[in-house]
Amino acid sequence: MTSILKIIGATILLLVILFALAVTIVPRFLDRVYYRGPVTDHFDGEHFFNPGGNDDTLRPPGGGGRASFIWKYLTGTDGRPAWPDHVPVTPTKPAARIEGKRMVVTWIGHATVLIQTQGLNILTDPVWSDRAGPFDRLGPTRVARPGVRFDDLPKIDVVLVSHNHYDHLDKTTLKRLWRRDHPRIVTSLGNDSVIGQTGAQATALDWGQRVTLRPGIDVIVTRNHHWGSRWGTDRNRALWSSFVITFPAGGNVFFAGDTGIGDGQWPAEAAAYGPIRLALIPIGAFRFVAGQMASGSHIGPMDAVKVFARLGASRAIPIHWGTFRLSYEGYDTPPRMLDALMRCTGGDPASFTAAQIGQPVMVPVFSSPIKPDERKIAACMKTPEITSLP
């Protein structure tokens, strides 16, 4: 009996020692220096930050401790409404090219969108993996299959990667794209280091910098409000961003990436590059406790309507919902709330409405939009149509 107790005691002591070593060593091992460069108004020499402050992106969603949030999320004890295990999707096969001013856009799921115009095929935050996480068996699982099968994708010319979270930077997909098409990959500072682990090469730019694809067609890396990390301990070692794609005629395209509202000034900064024909704006993962309408890291429909108005875009497609379950709102709450808000605020619901995964959308050239009235949003949010949504 004594020998058994000694073995148990030695085992416990060994586990304690291993845990202590892990706490000391593992965070440093998992930390990565993705970028080195001069200090700026959003880089302190080691980490990036939001000029308006990081407090709202540092707190655990919904309040409380981060460990408690993760435990409740993993165990399903947070009271969130049920989601479907599977959503039927009919994949389509896009055209090889769309020439001239015509623009065809296909929402493939989450933040992955295929933009076809001017003979270019452009992909945003491409993710074809079944899970959005560090391992095959860890991370949220798709409830909706990609709207275009990978093998049915036309040759991809340009890929935009907004930041390094797993549901936006999927190394498996990027590796496949690079081996097949060798596209021009454009991202923000530091993410090229992560992308480079796949063997792919990326052009990494700071906010306000641009790369020319063709005369009159540039990709400009623009500001938004978010954070970055692959492992937690490498937090904000790489920059997050939105993008403007300029075109010689018909209007520009804006891709918001993943973002909270922050100081709310970044949409106007993007609009300053020219009229926006199409905006890709996230609307999901905004509710982490009952009644919540936005989080520091994500915009829900309420803030998405503000972003749409401040961009002055003539058309927008909502993204970042209905593919991976990342938060607590009901499956179709984001688009239903968006539709109600657009109607209530006097905007044209058809100008900012949900697309069907996999179904191509023809995007008209820029025309002066009917903007929603931001002054009405607070009152609209109190209407039963919106407050009753799960």
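Just so it is clear, the model here is predicted, and its values are computed rather than measured. (Residues numbered from 1 in each chain as written. Predicted model: local features only at pLDDT ≥ 70, side-chain atom pairs only at ≥ 80, totals over all residues. Heavy atoms only, no water.)

A. Examining the pattern of salt bridges more closely. Throughout the structure, instances matching the rule amount to 13 salt bridges. Here R343 ties to E385 by a salt bridge, and the two come within 2.6 Å at their closest N and O atoms. Taken together, the residues R343 in helix α8 (residues 333–344) and E385 in helix α10 (residues 384–387) connect sequence positions 42 residues apart. Through salt bridges with shared partners, a single ionic network connects R223, D263 and E269. (Salt bridge = Lys/Arg side-chain N within 4 Å of Asp/Glu carboxyl O. Helix = DSSP H or I, 4+ residues; strand = E, 2+ residues; numbered from the N terminus.)

B. Highlighting the state of the cysteines. What the rule picks out here adds up to 1 disulfide. Across a sulfur-sulfur distance of 2.0 Å, C344 and C380 are joined as a disulfide pair. A torsion of -90° about the S-S bond marks the disulfide between C344 and C380 as left-handed. On the criterion of sequence distance, the pair formed by C344 in helix α8 and C380 in helix α9 (residues 377–380) is long-range, its members being 36 residues apart. Overall, the relative accessible area of 30% leaves C344 in the partly exposed class. What makes C380 buried here is its relative accessible area of 3%. (Disulfide = S-S within 2.5 Å. Buried < 20%, exposed > 50% of the residue type's maximum accessible area, 1.4 Å probe, protein only.)

C. Structural detail: the pairing of strand β10 (residues 252–255). Residue alternation in β10 divides its side chains into two sets, N252 and F254 and V253 and F255, and both sets are buried. Pairing of strand β9 (residues 242–245) with β10, which is carried by 3 bridges, proceeds in the antiparallel orientation. Paired with I245 across the two strands is V253, which belongs to β10. Hairpin remark: β9 followed by β10, antiparallel, with 6 residues in the connecting loop; positive phi at G250, about 95°. With 4 bridges connecting them, β10 and strand β11 (residues 276–282) associate as parallel partners. Its bridge partner being in β11, F254 is matched across the sheet by A279. (Pairing = 2+ DSSP bridges.)

D. The arrangement of the packing of aromatic side chains in detail. The full count for this structure, using the stated rule, is 11 aromatic pairs. With a centroid separation of 4.5 Å and an interplanar angle of 35°, the aromatic rings of F43 and F48 are classed as tilted. Given the relative accessible area of 2%, F48 is considered buried. Relative to F255, the ring of F243 has its centre 6.1 Å away and its plane inclined at 5°; by these criteria the two rings are stacked. One end of the pair, F243, is in strand β9; the other, F255, is in strand β10, and 12 residues separate them in sequence. Residues F243 and F255 agree in their burial class; the two are buried. Clustering of aromatic rings is evident, with ring pairs tying together W83, W107, W321 and Y331. The side chain of R180 reaches across the aromatic face of F150, ending 5.3 Å from its centre. The ring of W227 has R235 sitting right over it, with the charged end atom 3.9 Å from the ring centre. (Phe/Tyr/Trp six-rings, centres within 6.5 Å; stacked < 30°, edge-to-face > 60°. Lys NZ or Arg CZ within 6 Å of the ring centre and 35° of its normal.)

E. Just the sheet that holds strand β7 (residues 210–214), in detail. Across the sheet, which stays open at both edges, the 6 strands sit in the order β7-β8-β9-β10-β11-β12 with mixed pairing between neighbours. Of all the strands in the sheet, the pair left with one neighbour each is β7 and β12 (316–319). This sheet shows a mean twist of 15° between the axes of neighbouring strands, independent of strand direction. Here β7 runs beside strand β8 (residues 217–222); their pairing, made up of 4 bridges, is antiparallel. Paired with R210 across the two strands is I220, which belongs to β8. Strands in contact with helix α7 (residues 301–311) are β10, β11 and β12; relative to β11, the strand with the most contacts, it is inclined by about 160°. (Axes fitted to C-alpha atoms, helices over the stretch in contact; angles between N-to-C directions. Contact = heavy atoms within 4.5 Å.)

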